[in-house]
Amino acid sequence: METLTPHTTEVKLNTALTAKDFATDQEVRWCPGCGDYSILAQVQKVMPMLGIPRENIAIISGIGCSSRFPYYMNVYGMHSIHGRATAIASGLKASRPDLSVWIVTGDGDSLSIGGNHTIHLLRRNFDVNVLIFNNQIYGLTKGQYSPTSEENKITKSTPFGSIDHPFNPLALAMGADATFIARSMDRDPKHLQSMLIRAHAHHGASFLEIYQNCNIFNDGAFEVFTEKSTKADEALFLEQGQPLIFGANKDKGIKLDGFNPVVVNLNKGHSADDLWVHDEADIYKAQILVRMFDNPKADQHLPRPFGVFYQAIRPTYEDMLQQQIANAKEKRIADLDKLLRGNEVWEIV
């Protein structure tokens, strides 16, 4: 699928394949009720839509509950080293730019020991898809606090509450100059499918944060965004070119007061024309959006945004690498000894 322009969601349906073709014969070994089951199901449903042969897809994971993913996808894959999935995927994409490469990782795997690799993959802009399962806890190692756990979080490793300030994954991605930044959740299958399709369509590094419930060690961390009784008032779904409207009756909106987002009532003196209109290409407003839930004002409760926050077009690392190699061949730079010696040579007498 050729996709070099923003906001593209068109997909090709490969009628020869179905979701079952992307499932393996391996027993899926996650805890009953884990959000990973839903994410796996949505990825398997989306894959046939991409029109890519299974042998041209690779899924690379690190260490953690989420990183068992390659066992359950009937494509090429590798269960790699803690925090290093991004580095391994970078090498794979550089050597095989024709492949569709997906990185499956967790908040601990990619933002703690693997944090440095994550930011460098994003700034280099490899054409890969990063799926970060954020459950705000270390699940595989039995419930320690993670880099995204909230302050004062009581866990097995922080019995008196965590004193760490947590990472905001999307703000981190913005700081690393990622060219595609989005958020979805395990319990909204249709939205997650649309975000997976958008991530794939982007030519460059796509960073998709997925809120994933760990029902054993951090149950209900995101339930205000997933439960029917609260979702409409707590979750704000971003749509390109549309005003920021939310609420069970679609009667609430977001407008900007300078650089501060504020909630207004559309039944009390405000209309949709007054509201902030979402633009995925606006890097400045994207930085406000990713920080909305960090708003310190106690009297201003803001909804949590979901959707595509930001998208930009920038040359990918592997495209530039291939061009550099082609240029070198054209100039017949074939003398390796001469190349290694460089321009600064000393003669010792």
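It should be noted that the structure appears before, not after, this text.
Remember, predicted model here, so these are calculated numbers, not experimental data.

## Concerning the pattern of salt bridges
A complete count under the given rule lists seven salt bridges for this structure. Between Asp-188 and Lys-231 there is a salt bridge; the shortest N-O distance is 2.7 Å. Taken as a pair, Asp-188 in the loop between β5 (180-185) and α6 (189-201) and Lys-231 in helix α8 (residues 228-234) lie far apart in primary sequence, 43 residues in all. The class for Asp-188 is buried, based on a relative accessible area of 13%. Where Lys-252 meets Asp-233, a salt bridge forms, and the shortest distance between an N and an O atom there is 3.3 Å. Residue Lys-252 is located in strand β9 (residues 252-257), and its partner Asp-233 is located in helix α8; the two are separated by 19 residues in the primary sequence. A relative accessible area of 29% means that Asp-233 is categorised as partly exposed.

## Points about the packing of aromatic side chains
The description of two aromatic rings rests on the distance between their centres and on the angle between their planes. For the structure on display, the rule yields 11 aromatic pairs. Here the aromatic rings of Tyr-211 and Phe-222 are separated by 4.0 Å at their centres, their planes lie at 5°, and the arrangement is stacked. In this pair, Tyr-211 sits in strand β6 (residues 206-211) while Phe-222 sits in the loop between β6 and α7 (223-226), placing the two residues 11 residues apart along the sequence. Owing to a relative accessible area of 2%, Tyr-211 belongs among the buried residues under this scheme. Cation over ring: Arg-183 sits above Phe-306, and NZ or CZ is 5.9 Å from the ring centre. For the cation-ring pair, Arg-304 lies above Phe-293, with the distance from its terminal atom to the ring centre recorded as 3.9 Å.

Parameters at a glance
- Residues numbered from 1 in each chain as written.
- Predicted model: local features only at pLDDT ≥ 70, side-chain atom pairs only at ≥ 80, totals over all residues.
- Heavy atoms only, no water.
- Salt bridge = Lys/Arg side-chain N within 4 Å of Asp/Glu carboxyl O.
- Helix = DSSP H or I, 4+ residues; strand = E, 2+ residues; numbered from the N terminus.
- Buried < 20%, exposed > 50% of the residue type's maximum accessible area, 1.4 Å probe, protein only.
- Phe/Tyr/Trp six-rings, centres within 6.5 Å; stacked < 30°, edge-to-face > 60°.
- Lys NZ or Arg CZ within 6 Å of the ring centre and 35° of its normal.

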